[in-house]
Amino acid sequence: GRDTLLVASARGLDVVDVHTPAQPRLITTIDVGGPAVNVDVGRQSAAVVVGGDAPALVYLDLAATFPLQRRVALPVGTIPTGVALGGPRAAVAAGSTGVVLFTK
């Protein structure tokens, strides 16, 4: 909703209530299998890039009770720095590898 903020963090994907901007409140942290580096949000979905030893792109269905929808492993050694959703695709900025495109 308009009062919810998704934040990539070392713990995963933090869901923060910002209804009262001066007092943000952590609602939950979604485990994405490693440190979240970046997130982009669509209507009912989100894409998260995960760094660390097992870099990945994680698709989330934000309307589901258990939001983890799909995890796509990135090649070992990939250093993801960002993600952008565009229609049925996600673009992952992957350091020196360049941009890698994925279809949902």
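Everything quoted here is computed from the prediction, not taken from an experiment.

Conventions used here
Residues numbered from 1 in each chain as written. Predicted model: local features only at pLDDT ≥ 70, side-chain atom pairs only at ≥ 80, totals over all residues. Heavy atoms only, no water. Pairing = 2+ DSSP bridges. Helix = DSSP H or I, 4+ residues; strand = E, 2+ residues; numbered from the N terminus. Axes fitted to C-alpha atoms, helices over the stretch in contact; angles between N-to-C directions. Buried < 20%, exposed > 50% of the residue type's maximum accessible area, 1.4 Å probe, protein only. Contact = heavy atoms within 4.5 Å. Core = buried A, V, L, I, M, F, W, Y, C linked by side-chain atoms within 4.5 Å. Salt bridge = Lys/Arg side-chain N within 4 Å of Asp/Glu carboxyl O.

Asks: Can you explain the sheet that holds strand S1 (residues 4-9)? Please cite residues and give values.
Replies: Taking strand neighbours across the sheet as the criterion, the three strands line up as S1-S2-S3 in an open arrangement whose pairing is antiparallel. Two strands bound the open sheet, and with one partner strand each, they are S1 and strand S3 (25-30). The sheet shows a mean angle of 25° between the axes of neighbouring strands, taken without regard to direction. Here strand S2 (residues 12-17) runs beside S3; their pairing, made up of five bridges, is antiparallel. Bridge pairing in S3 links Asp-17 to Arg-25.

Asks: Which residues make up the side chain of Ser-9, and what values do they have?
Replies: Within the secondary structure, Ser-9 sits in strand S1. By relative accessible area, Ser-9 is classed as buried at 12%. Setting aside residues no more than four positions away along its own chain, Ser-9 makes contact with Asp-14, Pro-35 and Ala-36.

Asks: Can you explain the nonpolar core? Please cite residues and give values.
Replies: Core analysis: the largest hydrophobic core is formed by 13 residues, its most contacted members being Leu-13, Ile-30, Val-32, Val-48, Val-50, Val-58 and Leu-60. Mapped onto this core, the elements with two or more residues apiece are S2, strand S4 (36-41), strand S5 (45-50) and strand S6 (56-61). With residues up to four places along the chain from it excluded, the contact list for Leu-13 reads Leu-6, Val-7, Ala-8, Thr-28, Thr-29, Ile-30, Val-32, Ala-36, Val-39, Val-48 and Leu-60. Formed by 11 residues, the second largest nonpolar core is a distinct cluster that contains Ala-47, Leu-57, Leu-74 and Val-83.

Asks: Go over the environment of Ala-63 with me, naming the residues and quoting the values.
Replies: If you trace the backbone, Ala-63 turns up in the loop between S6 and strand S7 (68-73). Between the alpha carbons of Ala-63 and Pro-35 there is a distance of 22 Å; along the sequence they are 28 residues apart.

Asks: Which residues make up the pattern of salt bridges, and what are the values?
Replies: If you walk through the whole model with that rule in mind, you get two salt bridges. Between Arg-11 and Asp-14 there is a salt bridge, with the nearest N and O atoms lying 2.4 Å from each other. Ionic pairing is found between Arg-25 and Asp-17, a salt bridge with its closest N-O pair at 3.2 Å. On the basis of relative accessible area, Arg-25 is assigned to the partly exposed category, the value being 46%.

Asks: Can you tell me about the sheet that holds S7, naming the residues and giving the values?
Replies: The strand order S4-S5-S6-S7 describes an open sheet built from four strands, whose pairing is antiparallel. With partners counted over all chains shown, the strands left at the sheet margins are S4 and S7, one partner each. Within this sheet the neighbouring strands show an average axis-to-axis angle of 20°, counted without direction.

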